[in-house]
Amino acid sequence: MAAPHHLTNDGPASLDLHSLGPADSTDLDLLHVKSRRSLNGCVPLSHQVAGHMYGKDKVGILQHPDGTVLKQLQPPPRGPRELDFYNMVFTKDCTDHNLLDLQKFLPKYFGTWSPSGSANDLYLKLEDVTRKFNEPCIMDVKIGQKSYDPYASSEKIQQQVSKYPLMEEIGFLVLGMRVYHFNSDSYKTQNQHYGRSLTKETIKDGVSKFFYNGTSLRKDVVANCIQQVQSILAWFENQESLNFYASSLLFVYEGLPSQITKRLIDGSMVDKRVVQRGILTDGELAECNNNIHVLSATENGKPEDSLEKNLSRRYGNQKKACSKRHHSQVSREVESSDRDNTRKSRNNISQEHVNGNLIPKLENVFCHVPADLNPCSQVDVRMIDFAHVFPSNGKDIGYIYGLKNLIAVLQNILK
């Protein structure tokens with residue numbers, strides 16, 4: 001592994017938004033606007049289910065207008081270590097077959113990124129694994145018997161062990177999940193406290209919640225996840241050069257029923273609105289992810305006659321509103337309106353948000369859904385978080401143990 005880079009923290013000071021009181025709400029809004037402008041239109045990734053909230057404004061993972069995600073480098077030695085790991089795995093002249101095989105289990109790496117005027121404020125630029133999904137269901141699971149690395153202090157070890165004493169016995173920990181329930185058109189979330197509450201007796205039921213969509217258990221997704229985790233396990237069984245600590249698996253699957261997804265692929269129900277690249281100024285902070293507007297094509301099995309008229313009125317009103325108010329305020333109002341509409345009809349899947357992000361309709365630009373959104377791409381499992389990866393001279397026994405136990409739990413859920 002390459003020698004760690006030495007980074008400095010002499011970039012612009014972060015804004016301490018938490019120090020502001022209720023009377024400073026106007027100032028708070030202004031600070032948010034200034035902060036987001038300084039990040040060149042990047043916005044918080046609203047469907048992040050776990051991870052450190054560090055860096056500028058403590059927002060965690062950011063979403064870049066080009067559809068990638070940005071993970072700010074953690075303070076040394078963790079941040080430089082993770083950067084070295086990505087550079088090693090994705091180097092252009094890599095000849096190590098183990099590393100080349102590892103690439104397919106990781107989000108694609110596009111180097112580093114810095115906001116304009118903040119060259120020392122480094123971010124890892126990574127593939128948004130959820131980008132191809134309409135309603136992504138996401139679960140973050142930390143893998144391994146130890147959540148601390150060999151160089152951790154005794155205080156750090158005690159801290160990590162106390163968080164989840166069963167980590168060594170169970171071999172994994174659910175850090176969070178976000179599941180789309182189609183029947184209620186809503187997301188159900190669980191945080192790290194939920195995962196830490198799971199015991200040997202409740203771990204199967206606890207994990208199975210991720211595969212329950214409000215009406216049924218998605219056994220097809222469970223089976224697909226087992227296959228992908230087994231592929232990762234096979235890689236670990238055949239490599240003896242790296243040990244992974246406090247690393248996670250990110251599980252993602254499509255929350256929309258397959259018949260709805262098929263109609264999305266056909267293009268009969270999709271109105272995907274994005275802002276064209278190159279036309280944004282610092283003040284035009286559009287949330288440019290894969291926000292797909294799902295048209296309400298059916299009402300009790302029949303087309304809605306007023307669909308086109310309703311859309312025209314809705315987008316016209318939003319465009320006027322966006323010229324007067326900051327887009328986040330408009331988005332909150334749109335979300336409230338959509339929830340009201342959803343309550344009126346359980347079968348109405350019309351939304352202004354996909355992937356959990358809301359978008360102002362600043363432009364009316366149509367584009368197609370990626371052709372690779374098919375049953376084979378309905379489930380994705382990737383390895384993430386590599387701030388504690390170290391060279392080794394043997395198999396990563398702790399990680400292998402965790403993978404095997406996780407596979408066993410998933411197999412039990414299928415029975």
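Quick notes on the rules
- Residues numbered from 1 in each chain as written.
- Predicted model: local features only at pLDDT ≥ 70, side-chain atom pairs only at ≥ 80, totals over all residues.
- Heavy atoms only, no water.
- Core = buried A, V, L, I, M, F, W, Y, C linked by side-chain atoms within 4.5 Å.
- Buried < 20%, exposed > 50% of the residue type's maximum accessible area, 1.4 Å probe, protein only.
- Contact = heavy atoms within 4.5 Å.
- Pairing = 2+ DSSP bridges.
- Helix = DSSP H or I, 4+ residues; strand = E, 2+ residues; numbered from the N terminus.
- Phe/Tyr/Trp six-rings, centres within 6.5 Å; stacked < 30°, edge-to-face > 60°.
- Axes fitted to C-alpha atoms, helices over the stretch in contact; angles between N-to-C directions.

## With respect to the nonpolar core
Side chains of nonpolar character tend, in soluble globular proteins, to be buried together.
Step number 1: Core analysis: the largest hydrophobic core is formed by 67 residues, its most contacted members being Phe-244, Leu-249 and Met-383.
Step number 2: Apart from the residues lying within four places of it in its own chain, the contact partners of Met-383 are Leu-102, Phe-105, Leu-106, Pro-107, Ile-232, Phe-236, Phe-244, Ser-248, Leu-249 and Tyr-399.

## Remarks on the sheet that holds strand S2 (residues 62-63)
Step number 1: Spatially, S1-S2-S3-S5-S4 is the arrangement adopted by the 5 strands of the open sheet, whose pairing is antiparallel. Here the strands that pair on one side only, and so sit at the sheet edges, are strand S1 (43-44) and strand S4 (109-113).

## A look at the packing of aromatic side chains
Step number 1: Applying the stated criterion to the full structure yields 20 aromatic pairs.
Step number 2: Aromatic side chains Phe-210 and Phe-211 sit 5.0 Å apart centroid to centroid with 70 degrees between the ring planes, which places their arrangement in the edge-to-face category. Across this residue pair, the class does not change: Phe-210 and Phe-211 are buried.
Step number 3: Look at Phe-210 and Tyr-253: their rings are 5.1 Å apart centre to centre, the planes differ by 75 degrees, and that puts the pair in the edge-to-face class. Of the two residues, Phe-210 is situated in the loop between helix H7 (203-208) and helix H8 (219-237) and Tyr-253 in strand S10 (residues 247-254); the sequence distance between them amounts to 43 residues.
Step number 4: Overall, Phe-210 belongs to the buried group, its relative accessible area being 0%.
Step number 5: Taking the relative accessible area as the measure of exposure, Tyr-253 reaches 1% and is therefore buried.
Step number 6: An aromatic cluster is defined as three or more aromatic residues linked by ring pairs; in this entry it consists of Phe-85, Tyr-86, Phe-90, Tyr-109, Trp-235, Phe-236, Phe-244, Phe-386 and Tyr-399.

## Topic: the sheet that holds strand S7 (residues 172-181)
Step number 1: Taking strand neighbours across the sheet as the criterion, the 5 strands line up as S8-S7-S6-S10-S15 in an open arrangement whose pairing is antiparallel. Edge strands, defined here as strands with exactly one partner in the open sheet, are strand S8 (186-190) and strand S15 (379-384). Taking each pair of neighbouring strands and ignoring which way they run, the sheet shows an average axis angle of 15 degrees.
Step number 2: Examined bridge by bridge, strand S6 (residues 136-143) and S7 share 6 bridges and lie antiparallel to one another. Residue pairing across strands places Ile-143 opposite Phe-172, the latter belonging to S7.

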